[in-house]
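# Tertiary structure, described
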Amino acid sequence: LAFGFVGLFIGPVLLAVGNHDIDDSNYATVVNLAQKRLNNQSAVKCSSSYPTSTSSSSGMACQLNNVYFVISGVGTTGSISGQETSLASNLNKAPAGAWRICAWHKNQQDMQVGGKTNETGWNVYETCRQKGAIIATGHEHSYSRTHLLSSMTNKTVVDSTSPYTLTNGRTLAFVSGLGGTSPRDQERNGAWWAKIYTATQGAKNGVLFGNFYENHADFYFKNVNGQIIDSFTVNKGY
């Protein structure tokens, strides 16, 4: 799972380590490239460097203007309890008034619509919800986005219409997993989903974009054919 800013090839990129970085790649090489990308720019400020593959709590926090990112390797590296502690600690350091985004690669089964199982535990989801942080994940090769929820564990919908207002205790989560290999079919459903885009819907590869302003942010998912598949707005209520 990666976030890119400013330009596809020239802007800063933040990496949330995933299973393919560990299992199918030389992780040291991946992290070295990611760190060099960060070192070559000054817009994004991070509290630490990328962790090693054996770190007990591979988390870091970064800020771009008024957007504060808490990045975790939960479910991929280190212990889940260690990741929970690191994520909570970093999230508590968010500057007052900054947008908050939690990012990690893997999912809980009910937080994706494909064949993935429970791999992160619910605590990280709930910790981010309690702080009103948008939850960004990948792993499953499809796109899906929830409504505004007041419980991630119970998938409790409190608002099903954009614009949504993020507050402490209410947030949304998305899976943006169409940036690479072939899209996969939809295997799961639920009333908490606002948008589902998989091979079942004829999905093409694409990415979720977000434009952040002082008190609102506009998002849209655009595929490689130039089609806007999903769009929504969130207001900052904290």
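Let me begin by describing the structure that accompanies this report. (Residues numbered from 1 in each chain as written. Predicted model: local features only at pLDDT ≥ 70, side-chain atom pairs only at ≥ 80, totals over all residues. Heavy atoms only, no water.)

## Some remarks on the pairing of strand β16 (residues 228-236)
Our working rule: Note on pairing: two strands pair once DSSP finds at least 2 bridges between them. Numbering of helices and strands runs from the N terminus, with a helix taken as a DSSP run of H or I at least four residues long and a strand as a DSSP run of E at least two residues long.
Taken together, the three bridges between strand β11 (residues 164-166) and β16 define a ladder with parallel strand orientation. Bridge assignment links L166 to a residue of β16, and that residue is K236. Linking strand β15 (residues 216-223) back to β16 in an antiparallel pair, the connection comprises four residues, with G226 at a positive phi of about 85°.

## Some points on unusual backbone geometry
Test applied: Partly exposed residues are those whose accessible area sits between 20% and 50% of the maximum for their type, while under 20% is buried and over 50% is exposed, using a 1.4 Å probe and protein chains only.
With an omega dihedral of 5°, the bond running from S162 to P163 counts as a cis peptide bond. Mapped onto the elements, P163 comes out in the loop between β10 (156-159) and β11. Positive phi values are uncommon outside glycine, yet N65 reaches one of about 55°. The topology assignment puts N65 in the loop between β4 (60-64) and β5 (67-71). A residue is classified by how much of its surface remains accessible, and N65, at 64% relative accessible area, is exposed. At H139, a position not held by glycine, the phi torsion is positive, near 70°. Here H139 falls in the buried class, since its relative accessible area comes to 9%.

## A look at helix α2 (residues 27-39)
Note the cut-off: Multiplying 1.5 Å by the helix residue count minus one yields the expected span of that helix. Working definition: the arc comes from the directions between the helix axis and the C-beta atoms, pointing outward to the latter. The contact rule is simple, with two residues in contact once any of their heavy atoms fall within 4.5 Å. Polar contact is the term for a pair of N or O atoms within 3.5 Å; when the atoms are in protein, one must be able to donate a hydrogen and the other to accept it, and sequence-neighboring residues count only if both atoms are side-chain atoms.
Taking 1.5 Å of rise per residue, the 13 residues of α2 would be expected to cover 18 Å, and the 18 Å separating its terminal C-alpha atoms lies within 8% of that figure. Among all positions in α2, only Y27, V31, A34, Q35 and L38 are buried. An end-on view of α2 places all buried positions within 100° of arc, on one side of the element. Turning to α2, the residues buried within the fold contact β2 (13-15), α1 (19-23), β3 (44-46) and β4. The N-terminus of α2 is capped by N26, whose side-chain oxygen sits 3.1 Å from the backbone nitrogen of A28.

## A word on the state of the cysteines
In plain terms, the rule: Two cysteine sulfurs form what is called a disulfide whenever their separation falls within 2.5 Å.
This structure, assessed with the given rule, holds two disulfides. Each sulfur of the disulfide joining C46 and C62 lies 2.1 Å from the other. Since a negative S-S torsion denotes a left-handed disulfide, the C46-C62 link at about 105° is right-handed. Here C46 is found in strand β3, whereas its partner C62 is found in strand β4, with 16 residues between them in sequence. In this model C102 forms its disulfide with C128; the gap between the sulfur atoms is 2.1 Å. In this structure the cystine formed by C102 and C128 twists about its S-S bond by roughly -100°; its chirality is therefore left-handed. Here C102, found in strand β6 (residues 99-103), pairs with C128, found in helix α4 (residues 123-130); they are 26 residues apart in sequence, far enough to count as distant. For the pair shown, C102 and C128 are each scored as buried. Cysteine pairing for the protein chain (bonded cysteines numbered in sequence order): 1-2, 3-4.

## Structural notes on the sheet that holds strand β14 (residues 206-212)
This is how it is decided: Only C-alpha atoms enter the line fits that serve as axes; for helices the fit covers just the stretch in contact. Angles between N-to-C directions range over 0 to 180 degrees.
One open sheet accounts for four strands, arranged β11-β16-β15-β14; its pairing is mixed. Each having just a single partner strand, β11 and β14 make up the two edges of the open sheet. On average, adjacent strands in this sheet sit at an angle of 25° to one another, irrespective of strand direction. Taken together, the seven bridges between β14 and β15 define a ladder with antiparallel strand orientation. Within the sheet, the bridge partner assigned to G206 lies in β15 and is N223.

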